[in-house]
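Close look at the chain arrangement
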Amino acid sequence: MADYHRPDSKKAQALKDIANRIRLHSIRSTNASNSGHPTSCASIAEIMSVLFFHTMKYKVEEPRDPSSDRFVLSKGHAAPALYAAWAETGLFPVEDLMNLRKIDCDLEGHPTPRLNFVDVATGSLGQGLSCAAGMAYTGKYFDKTDYRVYCLIGDGESAEGSIWEAMSFGSYYKLDNLVAIFDVNRLGQSEPTAFQHDIDVYKRRAEAYGWNTVVIDGHDVEALAKVFHTATTVKGIPTCVIAKTYKGKGFPGIEDEENWHGKPLGGKGDAVLAAVEKVIVNNSLHNIRPDSPVKKAPNVNTTGLKMSEPPAYSKGQKVATRQAYGTGLAKLGKANTAVVAMDGDVKNSTFALTFQKACPDRFVECFIAEQNLVGVAIGCATRDRTVAFASSFACFLSRAYDQIRMAAISQSNVNLCGSHCGVSIGEDGPSQMALEDIAMFRAIPTATVFYPSDAVSCERAVELAANTKGICFIRTSRPGTATLYDNNEEFRVGQAKVVRKSDKDHVTIIGAGITLHNALKAADKLADSNINIRVVDPFTVKPIDAATIIQCAKETDGRVITVEDHYPEGGLGEAVLSALEGERNVVVKKLAVTGVPRSGPSDQLMEMFGIGPDCIVKAVKEILTK
């Protein structure tokens, strides 16, 4: 390590002083808000000081500069320490810290990207390392530049399985630009952590996952400076720093004591402030500034994305929408180098394999670890470095629902595709059938829910998702379905298609995916009895096209039937009901899967569970008699 320059005594003291200033800010801000986690901030103060004022390369005036090093505070409850570090850089006045957790201030209880120096929201524990791994993967393999990613993890949250999914991912992909720092301060929220200060347990586990692992005193600024430098010289594997720390470090009568988690110091604050101030050599504003990044990240275009060629299907041609997803994604990737894709070891079923074959250097296999899959995608999409698509069976995305809801808080533009929805998948049985996924995604405030019904609309859904802000979910089906639309048909978010219409329609049927085709089959059968029905393809379930639905309802005597390969709660039917809220003289009948289904042939299952063509015919005749 000939190029390692140990901080001289002056800088080492300055780093110690900054750490203690971070402690002071954390105490004062949490006392001002009468809430927060000052003891959790105290255990990481030296780590923050060394990272922000000695190790990381970044631009204070442009916190999300694409060339800068990244920092993820996975233990988001220590947010006051993060805010204090940025205030110490001069990004904003330290006086603003006193507005912590106030309703008109973006210095919230846990970090969110409302702040220009936060890439991903944290606070739901165990998620930061996956996002950091996505950032590191992007830096190493997509941007091919030298920015580094640091993730600070609490020892309590290391009980989460998603941490170890990310540890496996990091070593498998040789992310030597990634540093995970475990803040082993011994104490959890309600009691000591499982392994307390048994540092060797953490060391053995990190090493077993293939990381370069170093144990240090987390309050020793010189040791921290050295280990972060050493990490830059390690090639082919990521670095894990196991930092032994103390919760409430430097707080007399509180340090390493239980029952101080998530509590401001209150009446003890003045005495603790005096004790901390006493060890500061220079409590005036310092003049230490971070180094700027040297190598510039490449320019990336993530807007106005188009497929390399339009859909190319024949009317009536049977193609599964899951297959069209892969085709559309590959076309999008061929035309736009910003598009990347990842999958959870089901790429031959989701058809993400098509993208992998077309753009192998931009495909990431995340294996069977759906929480990490979604977290990595979120990380890849930060700072608009990529347009990320992640796919799995829709039912397995339920494992990552917490990551998905946090993605909304993170203002992420991540795109997710869930295949194998509903009982129509057939013999695989209920464990593989997504029947809750529309409800899941409709509840996400930033989500757009695409439910394409044929190959053309599915390819266009992929293209639209790439250009739509927020979280996009594309629901695809397993069975092949007939192509309904011309290849040049235009689709828009929130715009439904009326696929069958006459001047004598008596009922409006709204279906999506496989059930739209069941509705068309039912329409043919009903026509033999001189009963005309209107059939509507919503295309997006969220936002739902209320105007078209209301118009069709009025033109069909107020009779509406919804049919969906999903449970009744939270699905298409309830989306339609919300669109019709306040409309008088409208009757809505919902056909949906009720009860836990079973294995069997697709067509038989759809009839058994009330969503097949014959079930729709019966429902139409019933609603006409009322």
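Residues numbered from 1 in each chain as written. Predicted model: local features only at pLDDT ≥ 70, side-chain atom pairs only at ≥ 80, totals over all residues. Heavy atoms only, no water.

To continue, consider the overall build of the chain. Per the secondary structure count, the chain includes 21 helices and 19 strands. Over its C-alpha atoms the chain spans a radius of gyration of 28 Å, differing by no more than 12% from the 25 Å that the globule rule assigns to 626 residues. Seen through its principal axes, the chain has C-alpha atoms that stretch 90 × 50 × 40 Å. Counting across all 626 residues of the chain, residues that qualify as buried make up 62%. Taking contacts inside the chain between residues at least 6 apart in sequence as the whole, the part at least 24 apart equals 79%. Put simply, the chain shows about 23,500 Å² of open surface, and 47% of that area lies on carbon and sulfur atoms. Here the chain contributes 70 positively and 73 negatively charged side chains, and the mean placements of these two sets differ by 2 Å. (Helix = DSSP H or I, 4+ residues; strand = E, 2+ residues; numbered from the N terminus. Rg over C-alpha atoms; globule rule 2.2 N^0.38 Å. Buried < 20%, exposed > 50% of the residue type's maximum accessible area, 1.4 Å probe, protein only. Contact = heavy atoms within 4.5 Å. Areas by Shrake-Rupley, 256 points an atom, 1.4 Å probe, with all protein chains shown as cover. Lys, Arg positive; Asp, Glu negative; His and termini not counted. Charge placed at Lys NZ, Arg CZ, Asp CG, Glu CD.)

As a volume, the largest pocket reaches approximately 460 Å³. If you trace the largest pocket, you find 21 residues lining it, with His 54, Thr 55, Lys 57, His 229 and Thr 232 closest to the centre. At the level of secondary structure, the elements contributing two or more residues to the lining of the largest pocket comprise α3 (45-55) and α8 (221-233). Take the lining of the largest pocket: its biggest share by element is 4 residues, from α8. Considered class by class, the residues forming the lining of the largest pocket number 7 nonpolar, 7 polar and 7 charged. (1 Å grid on protein atoms, 1.4 Å probe; cavity = no way out; pocket = protein on both sides within 12 Å on 5 of 7 lines; lining within 4 Å. Points joined across faces, edges and corners; volume = space filled by probe spheres on them. Nonpolar A, V, L, I, M, F, W, Y, C, P; charged D, E, K, R; others polar.)

Take Asp 69: it is sitting in the loop between α3 and β1 (70-73). Buried within the structure, Asp 69 lacks any salt-bridge partner; Lys 57 is the closest side chain of opposite charge, at an N-O distance of 5.7 Å. A polar contact of 2.8 Å, which involves the side chain of Asp 69, links it to the backbone nitrogen of Lys 57. A polar contact of 2.8 Å, which involves the side chain of Asp 69, links it to the backbone nitrogen of Arg 148. (Salt bridge = Lys/Arg side-chain N within 4 Å of Asp/Glu carboxyl O. Polar contact = N/O pair within 3.5 Å; in protein donor to acceptor, adjacent residues only side chain to side chain.)

Turning our eyes to something else, we now look at the UniProt feature "domain: Transketolase-like pyrimidine-binding" (unreviewed entry) in the chain. UniProt marks residues 319-483 with the feature "domain: Transketolase-like pyrimidine-binding" (unreviewed entry), using the numbering shown here. Summarising residues 319-483: 39% helix, 21% strand, and an end-to-end C-alpha distance of 7 Å. (UniProt positions renumbered as here; feature names shortened; annotations may be inferred.)

Once that is clear, we can look at the sheet that holds strand β4 (residues 212-217). Reading across from one edge, β1-β2-β3-β5-β4 is the order of the 5 strands in this open sheet, with parallel pairing throughout. Only two strands of the sheet have a single partner each, and these edge strands are β1 and β4. Direction aside, neighbouring strands of the sheet carry axes that sit 20° apart on average. Across 6 bridges, the pairing between strand β3 (residues 178-184) and strand β5 (residues 239-244) is parallel. Opposite Ala 180, over in β5, you have Cys 240 as the bridge partner. (Pairing = 2+ DSSP bridges. Axes fitted to C-alpha atoms, helices over the stretch in contact; angles between N-to-C directions.)

Right, let's get into the domain arrangement of the chain. For the chain, the assigned domains are domain 1 (9-279), domain 2 (317-483) and domain 3 (497-625). Taking the mean C-alpha position of each, domain 1 and domain 3 sit 52 Å from one another. (Domains from an automatic or database assignment.)

Pairing is mixed across the open sheet formed by 7 strands, whose spatial order is β8-β7-β9-β10-β12-β11-β17. Every interior strand has two partners, whereas the edge strands, β8 (363-365) and β17 (540-542), have only one. Pairs of neighbouring strands in the sheet enclose a mean axial angle of 20°, with direction left out of account. With 5 bridges joining them, strand β7 (residues 339-343) and strand β9 (residues 387-393) adopt parallel strand pairing.

Now for the pairing of strand β18 (residues 559-563). The element β18 is largely enclosed, with a buried count of 5 among its 5 residues. What you see with β18 is no split at all: Arg 559, Ile 561 and Val 563 on one side and Val 560 and Thr 562 on the other are buried throughout. Across 4 bridges, the pairing between strand β15 (residues 507-511) and β18 is parallel. Opposite Ile 509, over in β18, you have Ile 561 as the bridge partner. Sheet topology note: the β18/strand β19 (residues 587-591) ladder contains 5 bridges and is parallel.

In this section: the nonpolar core. Core analysis: the biggest nonpolar cluster contains 81 residues, and Leu 129, Phe 182, Met 342, Leu 416 and Ile 471 have the highest contact counts within it. Among all residues touching Phe 182, those that are not within four sequence positions of it are Ile 153, Ser 158, Ile 163, Trp 164, Met 167, Tyr 202, Cys 240, Val 241, Ile 242 and Ala 243. (Core = buried A, V, L, I, M, F, W, Y, C linked by side-chain atoms within 4.5 Å.)

In this section: helix α14 (residues 401-409). By the burial criterion, the buried members of α14 are Gln 403, Ile 404, Met 406, Ala 407 and Ala 408. In the core, the buried residues of α14 are packed alongside α6 (161-172), α13 (370-381), β10 (415-419), α15 (437-442) and β12 (471-475). Immediately downstream of α14, the backbone of Gln 411 shows phi near 55°, a positive value.

On to the environment of Arg 460, then. Take Arg 460: it is sitting in helix α16 (residues 455-466). Counting along the chain gives 136 residues from Arg 460 to Ala 324, while the straight-line C-alpha distance between them is 9.6 Å. Here Arg 460 is in contact with Met 307, Pro 310, Pro 311, Asn 487, Glu 489 and Phe 491, once residues within four sequence places are set aside.

Right, let's talk about the pattern of salt bridges for a bit. Within the structure shown, the criterion is met by 31 salt bridges. Across the salt bridge formed by Asp 402 and Arg 405, the nearest N and O atoms sit 2.6 Å from each other. Here Arg 405 and Asp 402 lie together in helix α14, a separation of 3 residues that amounts to about one turn. Of the residues examined, Arg 405 reaches a relative accessible area of 37% and is grouped as partly exposed.

Before going further, it helps to examine the packing of helix α10 (residues 321-335) against α16. Two numbers describe how α10 lies on α16: the axes approach to 8 Å, and their chain directions differ by 45°. One way to sum up the angle between α10 and α16 is to call them oblique. With respect to the hand of their crossing, α10 and α16 are arranged in right-handed fashion. Packed against α10, whose contacting residues are Thr 321, Ala 324, Tyr 325, Thr 327, Gly 328, Leu 329, Lys 331 and Leu 332, the element α16 presents Ala 455, Cys 458, Glu 459, Val 462, Glu 463 and Ala 466 at the interface. Counted by class, the contact of α10 with α16 contains 8 nonpolar, 3 polar and 3 charged residues. (Parallel < 35°, antiparallel > 145°, perpendicular 65-115°, else oblique. Left-handed = near helix turned anticlockwise from the far one by under 90°.)

Let's shift gears to helix α5 (residues 128-142). Look at α5: 20 Å from first C-alpha to last across 15 residues, which is about the 21 Å you get at 1.5 Å a residue. Residue Lys 144 follows α5 closely and has a positive phi angle near 50°. (Expected span 1.5 Å × (residues − 1).)

The next subject is the packing of aromatic side chains. Per the counting criterion, the structure on display carries 24 aromatic pairs. Centre to centre, the rings of Trp 164 and Tyr 209 are 5.1 Å apart; their planes meet at 40°, and the pair counts as tilted. In this pair, Trp 164 sits in helix α6 while Tyr 209 sits in the loop between α7 (199-208) and β4, placing the two residues 45 residues apart along the sequence. Aromatic side chains Tyr 172 and Tyr 173 sit 4.8 Å apart centroid to centroid with 85° between the ring planes, which places their arrangement in the edge-to-face category. Classification of Tyr 173 by relative accessible area gives buried; the value is 13%. (Phe/Tyr/Trp six-rings, centres within 6.5 Å; stacked < 30°, edge-to-face > 60°.)

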